[in-house]
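Close look at the chain arrangement
If you want the building blocks of each chain, they are given just below.
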Amino acid sequence: MSQDREASPPTREGDGGFFHRLFGRSTGPESSPGSRPLDLEDIQGIIVRGYRMPIVRHFLLKVDAPAAARKLLGRLASGDEAGAPQITTARDWHVGFEPGPGDNPAEPPRRKPDYCLNLGITWPGLLALEVKDRVPNLSFKSFNAFIAGAAARAERVGDTGDNGPQHWIGGFGTESDHVMLTLHAASPEALTTYSDRLSALIVEGQAFQEIWRGDGMALMEMQDGKPVPVNKVHFGYVDGISMTTIRGGPERYKADHQQPCEPWLFVLLDEAENYFVPEPAELGRNGSFAVFKMMRTDVVGFEEFLQSNRERIDPELLAAKLCGRWRNGVPLALSPDTDSPPSGISPEQLNNFEYVNSDGSGDPRGLHCPVGAHIRRINPRGQPVAGQGQPGGSNNNHRLIRRGMPYGPVYDPAQPYDGIERGLLGYFICSHIENQYEFVLSQWVNDSEFAGAVRLDPRAKDPLIGTQDPAESIFVIPQASNAPPIKLTGFSSFVTTRAAAFCFLPSITATKFIASLK
Ligand code: HEM
């Protein structure tokens, strides 16, 4: 089935875009995708940059006094750092030790803030801020999921049963989840300083009520007798290796086979091919959408699952088959038999692989990396899938940018039942929630038809994050030389959704526009 599976708005086909022709926008070279540089001063930093800061605090706010609330948002985008912490833009600066494209790495960092701040507003939040009342031509016509909200769309992405909105914490999924403020900090001291400043501002003039807050922190590991932050998740995997490169974006990532993604897939831009920028333009342009998600990870269940199958498959190999990478980050696509290939794999090459090449060669049957493994489902790269049948073709239209961090202390196998909740929380960023976040979770994570020619067991779901029913669950690991595949069954979900919200990430212009509404 073609990309029609993607949600409602009619797709724009052919270069230059059907709507460009319909609405008389020129299809000359200047309007070709990626031609206009991104307006980094206006775009929220979190959309196109990884902050590489070890701590994050998410605040969920309910609007109390709309006028005061709008005014406060304006102060966060005023440029007046003394008056209030400022929303972080994508402007090039040194953050977290990574120079921006405009920076000379040899020179000392020009600006290394100790915090980053970002703003998200749900549809109920835009209503509570009375934006709809004050902007008659307000339109989010291409964004039904955003308007409906995460709770109303939960079933589509497998957030049912224990994952259902009826179990979500902190007011998520109720009509009170209006505004999210996300504070990244370079140190615990910086977190306290800016968190306290925000808390004081939030209640000024009864603008907002804080209804929930949640912290994330990089896991710490002892190295040379000192605790250091590491880029891992609680299941023990190295994370943050696969990055999504944006054409003309400010960040440079590891070598990667994949085509850079069109900027309109992450920043709301007029040259987009499958949506209209929200109106008015000063509210919509340069914005984006982010799905906030908090997911509890059942580390004990996961480790027990690995051990309980050790008669049939080595536990570390099973962990690799479930994810698509060994726990040290080495991809199965580059090293199917060991996480330490004798020739070694440089960190630069950890994301430089393909599953199926344009000539159909590579690993079409998933003998190295199972077609049903987490990273291969969520980003099939050049593998032909339903709707994109070309080997070596691009599945970029469904790509996501992840801005997440673990929550809860490091898991201690010596104290498995310590009763402490652990998981992952953060944002999945995209310009179209239906075509990217919902599509990936509904069509690729929780369904198996996507794999086209490779007939996966129809009951199979993403083994790491799929919503499993032990009576149905199955993970099939194909074996070489026609040996029968290893079939693992009867396992439960290893991940449970604890909270979710669909947020609009307004540009600086949009935030000032909202603040200007009388
Ligand atoms: C607690 C839940 C989750 C865990 C523990 C987890 C773990 C991982 C790990 C270990 C990787 C490989 C590291 C890397 O390539 O950077 C990965 C990659 C990825 N995950 Fe997840 N993940 C979780 C939930 C999700 C969800 C809900 C989504 C999307 C909706 C998602 C999207 C991705 C993407 C896009 C990649 C990169 C794949 C690639 O480009 O090759 N993950 N995840």
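A brief look at the structure comes next. Here the structure is a predicted model, which is why all the values come from computation and not from measurement. (Residues numbered from 1 in each chain as written. Predicted model: local features only at pLDDT ≥ 70, side-chain atom pairs only at ≥ 80, totals over all residues. Heavy atoms only, no water.)

The next point concerns the overall build of the chain. Counting its secondary structure elements, the chain contains 13 helices and 12 strands. Counting over 518 residues, the chain shows a buried share of 53%. Long-range pairs, those at least 24 residues apart, make up 71% of the contacts in the chain with a sequence separation of at least 6. As displayed, the chain offers around 21,500 Å² of accessible surface, 52% of which is attributable to carbon and sulfur atoms. (Helix = DSSP H or I, 4+ residues; strand = E, 2+ residues; numbered from the N terminus. Buried < 20%, exposed > 50% of the residue type's maximum accessible area, 1.4 Å probe, protein only. Contact = heavy atoms within 4.5 Å. Areas by Shrake-Rupley, 256 points an atom, 1.4 Å probe, with all protein chains shown as cover.)

Note on placement: glutamine 383 falls in the loop between α11 (374-378) and β8 (401-407). In contact with glutamine 383, other than residues within four places in its own chain, are Glu354, Val356, Val371, Arg376, Gln388, Asn395, Phe450 and Ala451.

To continue, consider the nonpolar core. Phe140, Phe146, Phe208 and Tyr437 are the most contacted members of the largest nonpolar core, which has 138 residues in total. A total of eight residues in this core trace back to one element, the largest contributor, which is strand β12 (residues 495-505). For phenylalanine 208, the contacting residues outside a window of four places in its chain are Leu61, Lys62, Val63, Asp64, Ala69, Leu72, Leu73, Leu129, Val179, Ile202 and Val203. (Core = buried A, V, L, I, M, F, W, Y, C linked by side-chain atoms within 4.5 Å.)

The next thing to look at is the packing of helix α3 (residues 66-75) against helix α13 (residues 508-516). At a minimum axis separation of 7 Å, α3 and α13 run at an interaxial angle of 145 degrees. The hand of the α3/α13 crossing is left-handed. Of the residues in α13, those touching α3 at Arg70, Leu73 and Gly74 are Thr511, Ile514 and Ala515. Looking at the contact of α3 with α13 residue by residue, the classes come out as three nonpolar, two polar and one charged. (Axes fitted to C-alpha atoms, helices over the stretch in contact; angles between N-to-C directions. Left-handed = near helix turned anticlockwise from the far one by under 90°. Nonpolar A, V, L, I, M, F, W, Y, C, P; charged D, E, K, R; others polar.)

The next subject is unusual backbone geometry. It is generally the case that most residues other than glycine have a negative phi and that most peptide bonds are trans. With an omega of -5 degrees, the peptide bond between glutamate 279 and proline 280 qualifies as cis. Take proline 280: it is sitting in the loop between β6 (226-230) and α8 (281-284). Even without being a glycine, aspartate 224 presents a positive backbone phi close to 50 degrees. Inspection of the secondary structure puts aspartate 224 in the loop between β5 (219-223) and β6. In this model, serine 481 sits at a positive phi of 45 degrees, which is unusual for a non-glycine residue.

Before going further, it helps to examine the pattern of salt bridges. The full count for this structure, using the stated rule, is 21 salt bridges. Ionic pairing is found between glutamate 221 and lysine 232, a salt bridge with its closest N-O pair at 3.0 Å. Of this pair, glutamate 221 sits in strand β5 while lysine 232 is found in the loop between β6 and α8, placing the two residues 11 residues apart along the sequence. A relative accessible area of 28% means that glutamate 221 is categorised as partly exposed. (Salt bridge = Lys/Arg side-chain N within 4 Å of Asp/Glu carboxyl O.)

The subject of this paragraph is the coordination of the iron atom of the ligand. The protein gives the iron atom of the ligand a lone donor atom, His374 (NE2), placed 2.2 Å from the metal. The topology assignment puts histidine 374 in helix α11. (Donors = N, O, S within 2.8 Å, 3.2 Å for Na, K, Ca; no water.)

Turning to the site of the ligand, a few remarks are in order. Ile241, Ser242, Arg325, His374 and Arg402 are the nearest of the 24 residues found near the ligand. Within the residue set of the shell around the ligand, elements represented by two or more residues are β7 (288-297), α11, β9 (423-430) and α12 (434-445). The biggest single contributor to the shell around the ligand is α11, with three residues. (Near = heavy atom within 4 Å.)

On to the layout of surface pockets. A volume near 330 Å³ is recorded for the second largest pocket. Around the second largest pocket, the lining is made up of 21 residues, and of these Arg296, Thr297, Asp298, Ser493 and Thr496 lie nearest the centre. Sorting the residues of the lining of the second largest pocket by element identifies β7, α9 (299-308) and β12 as the ones contributing at least two each. (1 Å grid on protein atoms, 1.4 Å probe; cavity = no way out; pocket = protein on both sides within 12 Å on 5 of 7 lines; lining within 4 Å. Points joined across faces, edges and corners; volume = space filled by probe spheres on them.)

What follows is about the packing of aromatic side chains. Scanning the model with the defined rule gives 27 aromatic pairs in all. Measuring from centroid to centroid gives 5.7 Å for tryptophan 123 and phenylalanine 140, while their planes differ by 70 degrees, and the two rings are edge-to-face. Residue tryptophan 123 is found in helix α4 (residues 123-128), and its partner phenylalanine 140 is found in the loop between α5 (131-134) and α6 (144-148); the two are separated by 17 residues along the sequence. Each of the two residues, tryptophan 123 as well as phenylalanine 140, counts as buried. In this structure an aromatic cluster arises from ring pairing among Trp123, Phe140, Phe143, Phe146, Trp264, Tyr275, Phe289 and Phe504. The ring of phenylalanine 276 has lysine 141 lying over it, and the distance from NZ or CZ to the ring centre is 4.5 Å. (Phe/Tyr/Trp six-rings, centres within 6.5 Å; stacked < 30°, edge-to-face > 60°. Lys NZ or Arg CZ within 6 Å of the ring centre and 35° of its normal.)

What follows is about helix α10 (residues 315-323). Burial analysis of α10 places seven of its nine residues in the buried class, the great majority of the element. Where α10 is concerned, the buried positions are Pro315, Leu318, Ala319, Ala320, Lys321, Leu322 and Cys323. Buried positions along α10 lie against α9, α11, β10 (474-477) and β11 (486-489). A distance of 2.9 Å separates the backbone nitrogen of glutamate 316 from a side-chain oxygen at the start of α10, and that oxygen is part of aspartate 314. (Polar contact = N/O pair within 3.5 Å; in protein donor to acceptor, adjacent residues only side chain to side chain.)

Here we take up the environment of isoleucine 55. Within the fold, isoleucine 55 resides in strand β1 (residues 55-63). In this structure isoleucine 55 comes out as buried when scored by relative accessible area, which is 7%. Each C-alpha atom of the pair isoleucine 55 and alanine 218 lies 6.5 Å from the other, and the pair is 163 residues apart in sequence. Non-local contacts of isoleucine 55, meaning those with residues more than four positions away in its chain, are made with Leu183, His184, Ala185, Ser187, Pro188, Leu191, Gly216, Met217 and Met405.

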